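Descriptive structure summary
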Amino acid sequence: MDESWDVVVVGGGSAGLSAALMLVRARRRVVVLDGAAPRNRFAPHMHAVLGHDGLPPTELLAKGRAEIESYGGVVVRADVRGARRTDEGFVVDTSAGRVVGRRVLVATGLRDELPDIPGLAEQWGRGVVSCPYCDGYEVRDRRIGVLAAGPGSAARAQLIRQWSSSVVLLTHGTDAADVDERAGLEARGIQVVDAPVVRVLTADGRLVGAELADGTVVDLDVVFAMPRPVPNDEVLRQLGAQRTESAHGAFVAVDEQGLTAVPGMWAAGNVVAPRANVPVAMGAGAGAGGAINYDLVLEDVRVALAATA
Ligand SMILES: Cc1cc2nc3c(=O)[nH]c(=O)nc-3n(C[C@H](O)[C@H](O)[C@H](O)COP(=O)(O)OP(=O)(O)OC[C@H]3O[C@@H](n4cnc5c(N)ncnc54)[C@H](O)[C@@H]3O)c2cc1C
């Protein structure tokens, strides 16, 4: 910890670990600082991850950490509390001490802000999910509720209809579907329930339905919610990056390789790309890892030339 590193990776989820693997294999000195709270920790299994379909998410990350350590990388359980730029690179303050690095990659993920409905959060990752490509197949042909969060909700219900013919759009008092959208929903047998949901009901730990404000109960096996993605981007912003508005909220912008507007600082995964699933986050991390290594190569050339001048 007390040493100087080529690259400090903040966040040891799919994106951060993939970047670190690229970098340690490029013989870079890498430390990964990880709060050990990946976004998908609520889910017992992970899907649509080639070669690892059905694996518990924590097992994938444990395997990744071991791979990085086998090349001499260091993975530390630590929360990053602050960071600043220096002439040589970056100083990062963590719950386990201070580290110094030539480059920083931030891969701190995001938080899913769920609607405040009693019973909903307790089922998150099991009876309440959000990603149809991650969990749709497991609940195929079951009774699916789509909990609306305003515009875009009707389209989401249409998407989820791909996995089951029993889909109910719970508008939850939001402006979830206009007249045309309602016609489309009706045409595909998707019921629209126009009342606020006051409670998610469970029995023996399993989700069994949603209770509406008028006391009606809609029997369900699973609810697809649309949580608000909130990036864990405090470190990025502390180091000078700024959020810009996107269709999914305000996020820090990066180029194709993950470089931010701040020289020497990269970002990858959900912290800058809320729609990235595990394979996409891994791809972004791997791309950033390669780009960071090449950026260091260019610096090594400059330093070597200066030494011979
Ligand atoms: C319930 C659920 C189920 C999902 N299922 C699937 C699935 O089946 N298949 C799939 O492909 N995708 C799935 N996803 C999406 C998946 O979780 C994300 O694509 C993936 O986690 C993104 O990886 P990441 O590395 O960007 O962020 P994360 O995996 O969230 O990792 C970020 C890491 O950074 C750490 N961190 C944050 N702040 C700090 C700090 N200040 N200091 C140090 N460390 C910090 C966190 O503790 C965490 O370990 C699911 C998501 C949810 C919510």
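Given the structure is predicted, the values throughout are model-derived calculations rather than measurements. (Residues numbered from 1 in each chain as written. Predicted model: local features only at pLDDT ≥ 70, side-chain atom pairs only at ≥ 80, totals over all residues. Heavy atoms only, no water.)

**Description of the pattern of salt bridges**
The condition is simple: For this document, the term salt bridge refers to a Lys or Arg side-chain nitrogen within 4 Å of an Asp or Glu carboxyl oxygen. Only DSSP runs of H or I with at least four residues qualify as helices, and only runs of E with at least two residues qualify as strands; both kinds are numbered from the N terminus onward. Exposure categories follow from relative accessible area, calculated using a 1.4 Å probe and restricted to protein chains: below 20% of the type maximum is buried, above 50% is exposed, and the middle band is partly exposed.
Under the definition given, this model contains 17 salt bridges. In this structure, D295 engages R103 in a salt bridge whose closest nitrogen and oxygen atoms are separated by 2.6 Å. Here D295, found in helix α7 (residues 278-308), pairs with R103, found in strand β6 (residues 97-106); they are 192 residues apart in sequence, far enough to count as distant. When its relative accessible area of 7% is taken as the criterion, R103 is described as buried. A salt bridge links R228 to E113; the nearest nitrogen and oxygen atoms lie 3.2 Å apart. Taken together, the positions of R228 in strand β16 (residues 228-231) and E113 in strand β7 (residues 110-113) put the pair 115 residues apart, joining distant regions of the chain. You can call R228 partly exposed: its relative accessible area is 49%. For E113, a relative accessible area of 42% corresponds to the partly exposed category. Here the residues in one salt-bridge network are D6, R28, R102, R103, D295, E299 and D300, joined through shared partners.

**A look at the sheet that holds strand β14 (residues 217-219)**
In plain terms, the rule: Pairs of strands are assigned from DSSP output, requiring at least two bridges between the strands. Angles run from 0 to 180 degrees between N-to-C directions of axes, and those axes are lines fitted to C-alpha atoms, restricted for helices to the stretch in contact.
Judged by pairing direction, the sheet is antiparallel, and its 3 strands sit side by side in the order β12-β13-β14 without closing on themselves. Where the open sheet ends on each side, the last strands, each with one partner, are β12 (197-203) and β14. For this sheet the average axis-to-axis angle between neighbouring strands, irrespective of direction, equals 30°. Bridge count between β12 and strand β13 (residues 206-212): 6 bridges; the pairing is antiparallel.

**Examining unusual backbone geometry**
Even without glycine at this site, A36 takes up a positive phi of about 60°. Within the fold, A36 resides in the loop between β2 (30-34) and α2 (57-70). Overall, A36 belongs to the partly exposed group, its relative accessible area being 43%. We note that D204 has phi near 50°; this positive angle belongs to a residue other than glycine. Tracing the sequence through the fold places D204 in the loop between β12 and β13. Judged by its relative accessible area of 83%, D204 is exposed.

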